Amino acid sequence: MNLSLNSMSERERRMVMICVVIAVLVLVLGVILPLDRSVAQARQRVVRKTGDLAWMRGVAPELAAAGPAVAVSKESLLVVVDRSAREASLGTSLAGSEPSGNGGLRVRLEKAPFDTLVAWLARLSEQNGIRVDSATIDNSGKPGMVNAAVVLHTR
């Protein structure tokens, strides 16, 4: 089958040309323009993110020098420690607490899960600004369970 534009009738040639024009329009409007729009939006996002990064790098030293933000509570150390221990599911392990010089608090825990104890102490430091001055941790006999004596102070 040998098809060429010269061998077609005028009407057939016109139809072929219209189909070619429609195919080009579909290609341009359906593929190239949306792709170009997507690339332009991506470039704008990159420019915006680059500006954000430059700003973050500029304030990073200032934020690092300021140190971590710690919420200051008007509650006593005893109340904060007791409440947070109960929230951390260590309430049944609390064996007692007593003052320990210069506003410190000595807390005893018995048969406490070690992982929970460590996570609780980290949360006390991060959220309440309470530091561990000293800690004695001994095996309680069961795997993963410990007895601990911890001396805590506010920063």
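Residues numbered from 1 in each chain as written. Predicted model: local features only at pLDDT ≥ 70, side-chain atom pairs only at ≥ 80, totals over all residues. Heavy atoms only, no water.

Caption draft 1: Just the sheet that holds strand β4 (residues 145-154), in detail. With respect to topology, four strands assemble into an open sheet ordered β1-β2-β4-β3, the strand pairing being antiparallel. Pairing within the sheet leaves two strands with one partner each, and these edge strands are β1 (94-100) and β3 (130-139). For this sheet the average axis-to-axis angle between neighbouring strands, irrespective of direction, equals 20°. Along the sheet, helix α2 (residues 77-87) contacts β1, β2 (104-113), β3 and β4; its crossing angle with β2, the most-contacted strand, is approximately 15°. (Pairing = 2+ DSSP bridges. Helix = DSSP H or I, 4+ residues; strand = E, 2+ residues; numbered from the N terminus. Axes fitted to C-alpha atoms, helices over the stretch in contact; angles between N-to-C directions. Contact = heavy atoms within 4.5 Å.)

Caption draft 2: Representation of the pairing of β1 in the model. As defined by bridge partners, β1 adjoins β2 across six bridges and the pair is classed as antiparallel. Residue pairing for β2: Glu98 is matched across the bridge by Arg106. Following β1, the chain reverses through three residues before pairing antiparallel with β2; Gly101 in that reversal takes a positive phi of roughly 45°.

Caption draft 3: The side chain of His153, seen in detail. Along the chain, His153 falls in strand β4. Judged by its relative accessible area of 11%, His153 falls in the buried class. A polar side-chain atom of His153 sits 3.4 Å from the main-chain amide nitrogen of Gly104. Once you skip the residues sitting within four places of it in the chain, His153 turns out to touch Leu77, Ser100, Gly101, Asn102, Gly103, Gly104, Gly129, Ile130, Arg131 and Asp133. (Buried < 20%, exposed > 50% of the residue type's maximum accessible area, 1.4 Å probe, protein only. Polar contact = N/O pair within 3.5 Å; in protein donor to acceptor, adjacent residues only side chain to side chain.)

Caption draft 4: Representation of α2 within the structure. Turning to α2, its buried residues are Leu77, Val80, Val81, Ser84 and Ala85. Taken down its axis, α2 places every buried residue within 125° of arc, on the same side. Residues of α2 that are buried sit in contact with β1, β2, α3 (114-128), β3 and β4. After α2 finishes, the residue Ser89 shows a positive phi value of roughly 65°. (Arc of directions from axis to C-beta.)

Caption draft 5: Examining helix α1 (residues 10-66) more closely. The first and last C-alpha atoms of α1 sit 82 Å apart over 57 residues, in line with the 84 Å expected at 1.5 Å per residue. Along its length, α1 shows its largest kink, about 40°, at Val59, and proline Pro61 lies within four residues downstream of that point. (Expected span 1.5 Å × (residues − 1). Bend = angle between axes of the 7 residues up to and from the residue.)

Caption draft 6: View of unusual backbone geometry. Even without being glycine, Ser89 reaches a positive phi, approximately 65°. With respect to the element layout, Ser89 can be found in the loop between α2 and β1. When its relative accessible area of 60% is taken as the criterion, Ser89 is described as exposed. Positioned with a positive phi, Lys111 is a non-glycine residue whose angle comes to about 50°.

Caption draft 7: Region of interest: the environment of Ala66. You can see Ala66 is positioned in helix α1. For Ala66 and Val118, which are 52 residues apart along the polypeptide, the C-alpha to C-alpha distance reads 26 Å.

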